[in-house]
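One-letter residues, chain by chain:
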Amino acid sequence: MSVNQTGAEADPQPTASTRAGTARAGGRHGAPRPEAARTSPWHGRRQQTPGTPRPSAPRGGGLTAPPAPEARRGSRTPAEGAAAGAGASPRPAGHGDGSGPALTAHRAGQAWLISPAGTADPRALAFAAGLARDPECTVLVADLPDGADDATLEELAQAVPPGRNGLRLVFGRPRPGAAATARWLADRLGRTVIAADGSPLPASAGGLFIGADRGAGWVRCAPGAPEALDSRRFPKPSWESLLPDRPWSLGRAVAEPLPAGVWLRPAGEDAARYDHRTRLLGLRVSGELLTVVVGVPGAAPLPLADVVRLWQSLPPHVRPAVRFACYGPTRLSGGRHFGDVLAQVAGEPVHLYNGMPGADDDAGEMLLVRQDGSPGRPLLGQEFVHLPPAAGPPSPPFAAAHRWPLGGLEEISPGTHLLAEDAVVEVVRSGLWVRLRQDPAHAAEVRSADPEPGRERILCDAGSEEALPRLERLAADLVRDFPPGLRAAVRLGVCRPTVPAGGRAPARPAPRTGVRPSSAADGGGPRPVPSGGRTGPARQRTAPDSAHEGSLSVAAEILRRHPELTADRRDPDAVAALAAVLRRLAATGGPDGTGAEAVAGRPVPADAGLLRAGLRMLPVHRGATGLRATLDEPMRQWYAGQPLVADPDVCEASALGPRDEPGNTDFLIWSVDGRRTDLLDPLCPDRVLFLPGSRFRVLEAEPAVPGVVMMREVGPGRTPRDPGLDRAAVGELTRAWREWRGDGGI
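Residues numbered from 1 in each chain as written. Predicted model: local features only at pLDDT ≥ 70, side-chain atom pairs only at ≥ 80, totals over all residues. Heavy atoms only, no water.

A. A look at the overall build of the protein chain. Within the protein chain, the regular secondary structure consists of 18 helices and 36 strands. Relative to its full complement of 746 residues, the protein chain shows a buried share of 51%. Entry remark: accessible area of the protein chain is about 32,400 Å², with carbon and sulfur atoms responsible for 52%. (Helix = DSSP H or I, 4+ residues; strand = E, 2+ residues; numbered from the N terminus. Buried < 20%, exposed > 50% of the residue type's maximum accessible area, 1.4 Å probe, protein only. Areas by Shrake-Rupley, 256 points an atom, 1.4 Å probe, with all protein chains shown as cover.)

The following block contains the structure:
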């Protein structure tokens, strides 16, 4: 029976099995669909909850379109218009013998399925019902038979449910000339029609995405107006217009559009790139949050300058909605976390996912990223905020979103809840951290630890051995209140620092036991701290080197944000000099050299002069510093007999004293020309570096300060012997040593 007749063929409601299949499929399985699309492993991680109820088909049969108005009957299909221009007679709408397939509209979730009259294909209903809601348009899925002609298109126009809003047309089977069909339908119905000019791929939550390699995108056809590109994503997120619609270069990195946002990856293609892209196409899409996926598993970190370039291309009011997700390495040179360095260079807070968002918007899962990029277990710590350095101690990253059942505990700061008067539980990347309220020296190390692949961890801090048993009892009580499933999924443990405060490696003893250093008069001297660099001849490497170029990018951005570092000098190698300091902090042993040499690919020689020049750009620290080393008795006596020692390499100390570094001897050094590095590494605000070749006068410590070596740095151009300065330095160092030990005025 033709739809332009007054009667209507009964439209049976979908069966119970059809509705169940709809909820399971979610628009990603079954047919028809926009070709055999690639499915993503991220789609498979769904929370096992009952399917969301969907509106069923209207009782009494499917809706049929009313008779077309007279004004519409004069419209021509694309083929009829061409035939009329060639002198052929127009083809009437419908089939003359009445045997053609009449089309009927079936309600399916938030969409309509238009298919041949009769019982709708359950797979087609499942596909249509799984599509997302369009806030602006009525979604139509056209399940047209193979070989549909112009008469079928007229029947399609007549089957469209009445209304004034626009239409989003999705063809169940690939159809050439879909944009031309949308143009004809817009003029035929007098309504805006949006159709896919290309082959859509399914995205999360019932969305559809047309990548640059699959077509132009979704095209908007308004009656009487030229076609215009609308978007690449359906539904259209609020940030759609802020990003280019095809891949673009950021330097060494390429930004590639994804349904959820954009993927920053190395330029070029390889065998694994297809699999990575397929996974990322299934990430959960948010209409308000822009996901920026960074890197590739197993590859070197992307240049931070390229990431910052994307960040700065976004309007300031949009940046708080950006969520970064590390698909590649989370650690940069020297072990610093990507989020900490990005916040430092960008100078703004940045939000970083703890893993990758899953496909199911209702489940809201955050999934661990395995080494090969595949999705792992759900993570309870989901999103963390990294803050830029400011005056004073650096602000640690904190949890902005998590799923730990801590609602019954008072939250005293974001992600940190009160367990007892003097103890808290903090959400960290690897799980929960039960500690005393005062941050321990190794706090940065604990907060930056990555999640374990197998299970969540609840760590009891062992910074205070006296408090550890009580913290363990508090942790056990906390776990006892968890739901049974969560109790079985966590592991209790003890957290002990593996590196000193600030995340830097322990200072090695210097000079080494059994090695007699030379005195300053012999042209050398004992090393207050041994060199962290090479012990043999300087190597030459062929640039570009990833660590080298990465440090150059970071150095250039720091100088752009802090022009005062070069305010009193015009050094063409300022970027390379500051990059040499960054590599020294990261202990990479990378090459030193200018950016021009690196880009040209010429051998780059190691140059201590660049390191010295870079350190001179940094602020001076005047005051007490300390470090700890291991000395045997002969070496202590050697120091006592030397009036002056010189260090040919960089000497590293802390403005907070020796603290908990390993060793048996404290070195207390009064600095007059040491350089602070907190601008470069806010995680270590106390670090002080003495320039290569610095001279140190050995002082006679007070009897009340046993077992220490006191030194006074001799400033450039100053004579070493100055009894007045010696006495003043001993007094200040003694006072600082007592404060560091907590002795007060004793």
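B. Broad picture of the packing of helix α8 (residues 304–313) against helix α9 (residues 338–346). At a closest axis distance of 10 Å, the pairing of α8 and α9 adopts a crossing angle of 60°. In terms of orientation, α8 lies oblique with respect to α9. Judged by the sense of rotation from one axis to the other, the crossing of α8 with α9 is right-handed. Touching L304, V307, V308 and W311 of α8 are F338, V341, L342, V345 and A346, all from α9. Residues belonging to the contact of α8 with α9 are distributed by class as follows: nine nonpolar, no polar and no charged. (Axes fitted to C-alpha atoms, helices over the stretch in contact; angles between N-to-C directions. Parallel < 35°, antiparallel > 145°, perpendicular 65-115°, else oblique. Left-handed = near helix turned anticlockwise from the far one by under 90°. Contact = heavy atoms within 4.5 Å. Nonpolar A, V, L, I, M, F, W, Y, C, P; charged D, E, K, R; others polar.)

C. Focus on the pairing of strand β15 (residues 322–326). The element β15 is extensively covered by neighbouring structure, given that five of its five residues are classed as buried. The alternating pattern of β15 places V322, F324 and C326 and R323 and A325 on opposite faces, both of which are buried. Pairing analysis gives five bridges linking strand β14 (residues 290–294) to β15, with the strands arranged parallel. The residue bridging T291 from the neighbouring strand is R323, located in β15. Between the parallel pair β14 and β15, the chain is carried across by α8, and the sense of this crossover is right-handed. (Pairing = 2+ DSSP bridges. Right-handed = clockwise from strand over helix to strand, strands pointing away.)

D. Representation of the sheet that holds strand β2 (residues 111–116) within the structure. Sheet architecture is open: seven strands sit in the order β1-β2-β3-β4-β5-β8-β9, paired in mixed fashion. The sheet is open, and its two edges are formed by β1 (103–108) and β9 (228–231), each paired on a single side. Neighbour-to-neighbour, the strand axes of this sheet turn through a mean angle of 35°, independent of strand direction. For strand β5 (residues 193–198) and strand β8 (residues 215–221), the ladder comprises six bridges, and the chain directions are antiparallel.

E. Spatial organisation of the pattern of salt bridges. According to the stated counting rule, one finds 33 salt bridges in the structure shown. Of the charged contacts in the structure, one is a salt bridge between D450 and R331, with a shortest N-O distance of 3.5 Å. Residue D450 is found in the loop between α10 (443–448) and β26 (456–461), and its partner R331 is found in the loop between β15 and α9; the two are separated by 119 residues along the sequence. Since its relative accessible area comes to 25%, R331 is described here as partly exposed. Residue D678 pairs with R676 through a salt bridge whose shortest N-O separation is 3.6 Å. Judged by relative accessible area, D678 falls into the partly exposed class, the value being 25%. Residue R676 is classed as partly exposed on the basis of its relative accessible area, which comes to 30%. One continuous salt-bridge network, built from bridges that share partners, spans E136, R220, D230 and K236. (Salt bridge = Lys/Arg side-chain N within 4 Å of Asp/Glu carboxyl O.)

F. Structural detail: the packing of aromatic side chains. This structure, assessed with the given rule, holds seven aromatic pairs. Ring centres of F690 and F696 lie 5.2 Å apart, and the angle between their planes is 80°; on these two criteria the pair is classed as edge-to-face. Given a relative accessible area of 0%, F696 falls into the buried group. Through pairs of rings, three or more aromatic residues link up here, namely W311, F324 and F338. Lying over the aromatic face of W218, R168 brings its terminal NZ or CZ to 4.9 Å of the ring centre. The ring of F384 has R429 lying over it, and the distance from NZ or CZ to the ring centre is 4.8 Å. (Phe/Tyr/Trp six-rings, centres within 6.5 Å; stacked < 30°, edge-to-face > 60°. Lys NZ or Arg CZ within 6 Å of the ring centre and 35° of its normal.)

G. The arrangement of helix α18 (residues 723–741) in detail. Compared with the 27 Å implied by 1.5 Å per residue over 19 residues, the 27 Å span of α18 between its first and last C-alpha is a close match. On its buried face, α18 is in contact with β30 (620–629), β33 (665–676), β35 (694–699) and β36 (708–714). Once α18 ends, the next one or two residues include G742, with phi positive near 80°. (Expected span 1.5 Å × (residues − 1).)

H. View of unusual backbone geometry. Residues F234 and P235 are joined by a peptide bond in cis, for which omega reads -5°. Turning to its location among the elements, P235 is positioned in the loop between β10 (233–234) and β11 (248–249). Unlike most non-glycine residues, A205 shows phi in positive territory, near 55°. Within the secondary structure, A205 is located in the loop between β6 (201–202) and β7 (208–209).

I. Representation of the confidence of the model for the protein chain in the model. When pLDDT is averaged along the protein chain, the result is 75; 73% of the residues meet or exceed 70. With pLDDT under 50 throughout, residues 588–606 is counted as low confidence; its partners more than four residues away or in other chains account for 58 contacts. (pLDDT = per-residue confidence, 0-100.)

J. A look at the nonpolar core. Formed by 54 residues in total, the largest nonpolar core has its most connected members in L264, V292, L304, F324, F338 and L578. With nine residues, helix α14 (residues 574–586) is the single largest residue contributor to this core. With residues up to four places along the chain from it excluded, the contact list for L264 reads L250, V254, A255, V292, V293, V294, G295, L302, V307 and L310. Core analysis: the second largest hydrophobic core is formed by 25 residues, I114, A142, A182 and V193 among them. (Core = buried A, V, L, I, M, F, W, Y, C linked by side-chain atoms within 4.5 Å.)

K. Spotlight on the packing of α14 against helix α16 (residues 608–616). α16 packs onto α14 with a crossing angle of 95° between their chain directions and a minimal axis gap of 7 Å. Taken together, the axes of α14 and α16 lie roughly perpendicular to each other. Contacts between α14 and α16 involve A576, A577, L578, A580, V581 and R584 on the former and, on the latter, L610, L611, A613, G614 and L615. Considered class by class, the residues forming the contact of α14 with α16 number nine nonpolar, one polar and one charged.

L. Structural view of the sheet that holds strand β18 (residues 366–369). Reading across the sheet, the three strands line up as β17-β18-β19 and stay open at both edges, with antiparallel pairing between neighbours. The sheet terminates laterally at β17 (356–357) and β19 (375–378), the two strands that pair on one side only. Looking at chain direction, β17 and β18 are connected through two bridges and run antiparallel. Directly across from P357, in β18, lies its bridge partner M366.

M. Structural context of the pairing of β9. With three bridges joining them, β8 and β9 adopt antiparallel strand pairing. The residue of β9 that forms the bridge with R220 is A228. From the end of β8 to the start of β9, which pair antiparallel, there are six residues, and G224 there has a positive phi angle of about 75°.

N. Quick look at the environment of L332. Note that L332 resides in the loop between β15 and α9. Residues L332 and L302, 30 residues apart in the sequence, show an inter-C-alpha distance of 9.1 Å. With residues near it in sequence (within four places) discarded, L332 still touches P301, L304, F338 and V341.

O. Molecular detail of the side chain of D673. Here D673 lies in strand β33. For D673, a relative accessible area of 12% translates into the label buried. Apart from the residues lying within four places of it in its own chain, the contact partners of D673 are R616, V620, H621, L691, E713 and P716.

P. Local environment of the state of the cysteines. One pass over the full model with this rule turns up zero disulfides. As a non-bridged cysteine, C460 has C495 as the owner of its nearest cysteine sulfur, 9.3 Å distant. (Disulfide = S-S within 2.5 Å.)

Q. View of α8. For α8, the buried fraction is high: seven of the ten residues fall into the buried class. Residues L304, A305, D306, V307, V308, L310 and W311 constitute the buried set of α8.

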